[in-house]
Structure formats: C-alpha cells, structure tokens
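Residue-level structure breakdown
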Amino acid sequence: MHYQFSRAIREEAVIQLYIMEKITGAEALMRSLRHEGVDILFGYPGGAIMPTYDALYDYRDKLKHVLVRHEQGAVHAAQGYARVSGKVGCAIVTSGPGATNTVTGIADAMVDSTPMVVICGQVGVSMLGTDAFQEVDVVGVTSPVSKWSYQIRRAEDVAWAVSRAFYIAKSGRPGPVVLDFAKNAQTGLVDYEPANVDFIRSYEPYPQPAKGAIEMAAKMINDSVKPFVLVGQGVELGNATEELREFIEKADIPCATTFLGLSAVPSNHPLNKGILGMHGNLGPNVMTNQCDLLIAVGMRFDDRVTGNLATYAKQAKIIHFDIDASEFNKNVKIDLGVLGNCKDTLKAVTALIDETKHSSWSNGFEPYKEKEYNKVISKALYPTEGPLLMGEVVNKVTEASGNEAILVTDVGQNQLFACRYFKFTKPRSIVTSGGMGTMGFALPAAIGATFGAPERTVCMFCGDGGLQMTMQELGTIMEQQCPVKMILLNNNYLGNVRQWQEMFFNRRYSFTPMANPDYELIAKGYGIPARTVVDRAELDDAIREMLSTPGPYLLQCAIKEEDNVLPMTPPGADVDKMLLE
C-alpha cells in the first residue's frame, strides 16, 4: 500500500508538471517586476523589446507605463522617481540607439548613487555578433557606469536576474543596474517561479561597523573643541536624517551640506550653517579650514566641495562615515573611517558622545554669514531696480510654497541659484544632477518626481540651454498632465559657461549667447498654461497663479543677462578663498 500510494503521488506530480502553464520570458518579467513591488515604468517601445511591451499590454492595470519622448527622458524620470520616493526607479527601452540613449542617465545615476534598473531590448542570441539591425554591446557599453550589467539570454533566467538586479540596485550604496534582454529570452517559454535574491557571494552591502572605530570616533568628538559636520546625500539614502539630527544636537556640532544633501537637515535648523563648496556659503568654507575635527557623513569629498586638496582642512583631524570603503582616502586623507550604514553608525556614536555645547565655535560662523548677506545675498534676493535676478525668483517661489516643495533643478546657474536660495523642511526634497552635471536633467526628472511623491508640489528650475536639450518631454507632461511647476530662468545665454568666460576668459563669450524660441507659445502648443514675466511688479502674482493652477505650468522669467552666482571659489583655489564680487 505504501508503494502504491507513493507511486500515485509521483504520477500526479508528473501530470501536474506536464499541464503546468508555461509563460513567456516577457510575461515572467512582468510578474518579476510586480514581485519586486514595481508599479510604474518609464519607457519607449521598439523592435527588440516589442514582445515585452506586448506582455505589458495585459498589465496596464498593475504596471503604469509612462511613455516618454526620448530614452534619456526615461532614465532621468526614473531617477527623479527614485530620489523622492526612496524606491528603485525603472526604465524600459529597446536595443541599439534606444539603449545607448540611456547611457548618460545611467552614468548620472551611478555617480549620484541613485537606485535604478534599466531594461534594454536586445537582438536574439543567435544574432549576437553579426552586426544585426540595432545590435549594440549594451553590457560592454554600460558596465563601466553601472553597478551591475547583465545579459538575459534565456527565459529561465528572467526571475533570478530581475531579483538580483533590484537587490544590487537598492542595497548598500545604491546605483543603477542594466538588464540586456535578448529577444529569444523574451519569447521563450518558462515555468515561472518568483526569485528572492538576498545574498551574493563576495558582495557585502551592509558592512558591520567595527566597535573600535565607533569608540575611537566618539573619543575624537568628545576631545574636539571645534568640530564640524559635512552632510552628504548618504544621510538620506541611509534613511538617517533623524539619527543625524540627534547626533549634531547632542554634541551641539555645526554642520553644512553638499548640494545633494541639502534636504537632509532643515534649512532653518540652528546648527545648519549652509552649503559647502565652490558656490556654497562663505562661513562653511572658511570654517572648514579652521575646525579641529572634520566629520564627513555620507559624502565623497568631490572636487567642487574641497577646492585645492593641498590646503584642504590640513589643520583638522578627519572622520569619514560611509557605507562604501572605497571612498576612504580616495580624495582626502582621513584619520578614521567608520564603515557602515550611517543610520547605524551615527546612532552608535551618538550613544557614546558627551552632551555638550560648542556655542563659541558655532557662533564663529555668524560674522561670515553677515558678511555674505551684506555683500551678496541681500543684493541677489531683494533688488529694487533693473532686470529680474535668478535669486529673487527662487526666493519668491520657495516662500510662496511654504518651503515645503520638492526642488528639481537643471544644471548651470539655475541650479546654483536654486540650491543656494530654495529652503527645505522635509527630507528627499532635492533632485539635481551632482557629479555628472547633466544639462537636460530637470524636465524628465521632475516628471518622475511627480509620480514618486504625488502629494507634494514639484518646482522645477531650468535655464534656456538645458530646457532645449530635453524639451520634447513637454509631450510627456501634456499626455500625463504631470503637475510640474516649471520655472524657466531665461537669460539668453549658456549662463554658467558665460560667467566663467567673464571671470576667467576676459569676457570672450565664445558661443554662449543663445537665440531662443517663444517658450510660452511652445508650452501653449502642448496645452500647458504659461506666462512670461519681465516686470518685477508682476512676479508675485505670476507665482501665485502658477502654484494655484492645477496640473503643469510654465513660468518664464526674463533674467538679467550677466547675473553671476556668488560667492565663488575659483577652480583649483583654496576652498576658503571665495570671491564675493
């Protein structure tokens, strides 16, 4: 009887296996994306990814697809979505030019540690290496600028590859992952079973902090008289904004932020002394070279922050908190590296540091703040005559939004003015291209941000140069009715390059003046309300109209052509040698 029972079970299993429904690799991708919690894709279809798009047709109620107008727009939108939501952004494109058009966004996401999965179509395996139509070596092209790049050659590998891709993209120091999806793998049949990758040999995304490092960091902080904290985006990536606040408040340590770390500390926090780097605030840059202990948290000592490395903080001991050990001693020689997620390491160090006051040291920032206000800020924000200035527009917008909006910027003077003068009260409120400095980033990134945080106002600042690089995404905004509040700071120049030409190239404005189209007319052609402001007296009303209008809106501001971003540390100069005029 036992033998007969076992035989019956085996026969039933064989029957079930035989009649089990097989699905295509494309269908397996859909199920795998849903298994990872994906609910939105930014993409553009084409020949090599068509089987996947056919499968997507049946998932329209589960996976929202946003049709962009260019593949670069898809990856930047995925970045904007990821930055404000804390989730993994996802883009899907076809092979050949579809795939290569994503490379800028992939590289941007890599240097700025943005979690993203990009799925590219590819010719069938039998056609690889034959120079088939729209064939390109996607893995070879993207490997240097991604966290992981992998070619899916069989339908059987889809579930595993997708799970591994999302695990790598979001774990440890986040970054972009590329899946090159061969056409035969999309059409091939597979018995689907979801995969759950949570371990990869030799990959340790969450290193445990060494007890000795925690204790040494606490001792160095307790012994310090003039400590100073540098706050980077790693604080937000590690969901450690509360831990950072408790850390700086317990020991009364002043701090300053990088551009990407701007919203990790509320702008009005008394210990927040401003912004670091080339176009940051005077006080933080001067005091960097006066502190006795520099505490870097989740930042990478970018050259725009440090200036001349030969003179950078030579008087100070340096502690570096980071999840990525490769950042230790990469640019700046440190005295102690505290490896691990700063959410854990900050909490551990905070438990050991003394509750103290550094009032005298913290107050030392004030004279520099006053000097910068009198010489630069008051003139930038409160002009009484002449053309509109970028700073005053930014200031008016942030005030009108109650300092609660998400800021998305392009690259150039619009970025620098916006980052300097926009104010923040909530984390995950800054979306900008940091390490790559990608012009054209703002418009598609703002689209992604509206899907990542639909309950919040998204204010996008761009210049006339950057807007024209991805202006076709106005079509995406039109179709989706994305409520992006677009503020175009139009000075008829490639403004930041022009500023450098003025300051360092004897005003030889080589190919930086721009002949511009009628942006208001273009916006209206897409059905987007628009208004142009030239007169300062109209600015407040125009901003109110923009913020109160449902859906998208374009506000074009005619800006003084030679409006410069100050203070500024000249390239290669000492970080504390800032020009105020």
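In what follows, the structure referred to is the one given above.
A few points on the structure. (Residues numbered from 1 in each chain as written. Predicted model: local features only at pLDDT ≥ 70, side-chain atom pairs only at ≥ 80, totals over all residues. Heavy atoms only, no water.)

**Overview of unusual backbone geometry**
Along the chain, L566 connects to P567 via a cis peptide bond; the corresponding omega equals -5 degrees. The residue P567 is located in the segment after β20 (553-558) in this model. Non-glycine residue F301 carries a positive phi angle of around 55 degrees. Secondary-structure assignment places F301 in the loop between β12 (293-297) and α14 (303-306). Take F301: its relative accessible area is 2%, and that puts it in the buried class. Phi is positive for R428, close to 55 degrees, though the residue is something other than glycine. Locating R428 in the fold gives a position in the loop between α19 (413-421) and β16 (430-431). In this structure R428 comes out as buried when scored by relative accessible area, which is 16%. (Helix = DSSP H or I, 4+ residues; strand = E, 2+ residues; numbered from the N terminus. Buried < 20%, exposed > 50% of the residue type's maximum accessible area, 1.4 Å probe, protein only.)

**Thoughts on a nonpolar patch on the surface**
On the surface, a cluster of nonpolar side chains totalling about 260 Å² of accessible area is made up of F504, F505 and L579. Relative to the helices and strands, F504 is located in helix α23 (residues 495-504). F504 gets classed as partly exposed once you look at its relative accessible area, which sits at 32%. (Patch = residues over 30% accessible without salt bridge, like charges linked within 9 Å, V, L, I, M, F, W, Y side chains within 5 Å. Areas by Shrake-Rupley, 256 points an atom, 1.4 Å probe, with all protein chains shown as cover. Salt bridge = Lys/Arg side-chain N within 4 Å of Asp/Glu carboxyl O.)

**A look at the pairing of strand β2 (residues 40-43)**
Of the two faces of β2, the one carrying I40 and F42 and the one carrying L41 and G43 are both buried. Since β2 and strand β3 (residues 64-67) lie parallel, the crossover through helix α3 (residues 50-56) that links them has a hand, and here it is right-handed. (Right-handed = clockwise from strand over helix to strand, strands pointing away.)

**Section: the nonpolar core**
Within the largest apolar cluster, 43 residues are counted, with the highest numbers of intra-cluster contacts made by V393, V397, F422, F461, I487 and C557. Counting only elements with at least two residues in this core, the list comes to α13 (282-288), α17 (366-381), α18 (390-400), α19, β17 (458-463), β18 (484-490), α25 (539-548) and β20. With five residues, α19 is the largest single contributor of residues to this core. Setting aside residues no more than four positions away along its own chain, V393 makes contact with F461, I487, L489, L539, I543, C557 and I559. The next biggest cluster of nonpolar side chains, apart from the first, holds 41 residues, and it includes W148, A159, V177 and A182. (Core = buried A, V, L, I, M, F, W, Y, C linked by side-chain atoms within 4.5 Å. Contact = heavy atoms within 4.5 Å.)

**A closer look at the pattern of salt bridges**
Considering all chains together, one arrives at 27 salt bridges under this definition. In this structure, D541 engages R531 in a salt bridge whose closest nitrogen and oxygen atoms are separated by 3.0 Å. Separated by 10 residues along the polypeptide, D541 in helix α25 and R531 in strand β19 (residues 530-533) bring together distant segments of the chain. On the accessibility criterion, R531 (16% relative accessible area) is buried. Look at the salt bridges and you will find they share partners, linking R173, D324, E327 and K330 into a network.

**Structural notes on the sheet that holds β16**
Pairing is parallel across the open sheet formed by six strands, whose spatial order is β16-β15-β17-β18-β20-β19. Single-partner strands in this sheet number two, and they are β16 and β19. Direction of pairing for β19 relative to β20: parallel, over a ladder of four bridges. Residue pairing in the sheet places T532 in a bridge with Q556 of β20. Lying over the sheet, helix α20 (residues 442-452) contacts β15 (406-409), β16, β17 and β18, oriented at roughly 175 degrees with respect to β17. (Pairing = 2+ DSSP bridges. Axes fitted to C-alpha atoms, helices over the stretch in contact; angles between N-to-C directions.)

**Some points on the packing of aromatic side chains**
Applying the stated rule across the entire model yields 15 aromatic pairs. Their ring planes at 85 degrees and their centres at 6.0 Å tell us that Y167 and Y203 sit as a pair that is edge-to-face. Taken together, the residues span a long stretch of sequence, with Y167 in helix α8 (residues 158-170) and Y203 in the loop between β8 (189-190) and α10 (211-223) at a distance of 36 residues. A residue is classified by how much of its surface remains accessible, and Y167, at 13% relative accessible area, is buried. (Phe/Tyr/Trp six-rings, centres within 6.5 Å; stacked < 30°, edge-to-face > 60°.)

**Focus on the state of the cysteines**
As enumerated under the stated definition, the model contains zero disulfides in all. Unpaired in terms of disulfides, C255 finds its nearest cysteine sulfur in C291, a separation of 13 Å. Not part of a disulfide, C342 finds its nearest cysteine sulfur in C255, a span of 13 Å. (Disulfide = S-S within 2.5 Å.)

Treat this as a map of the structure, not an account of what it does.
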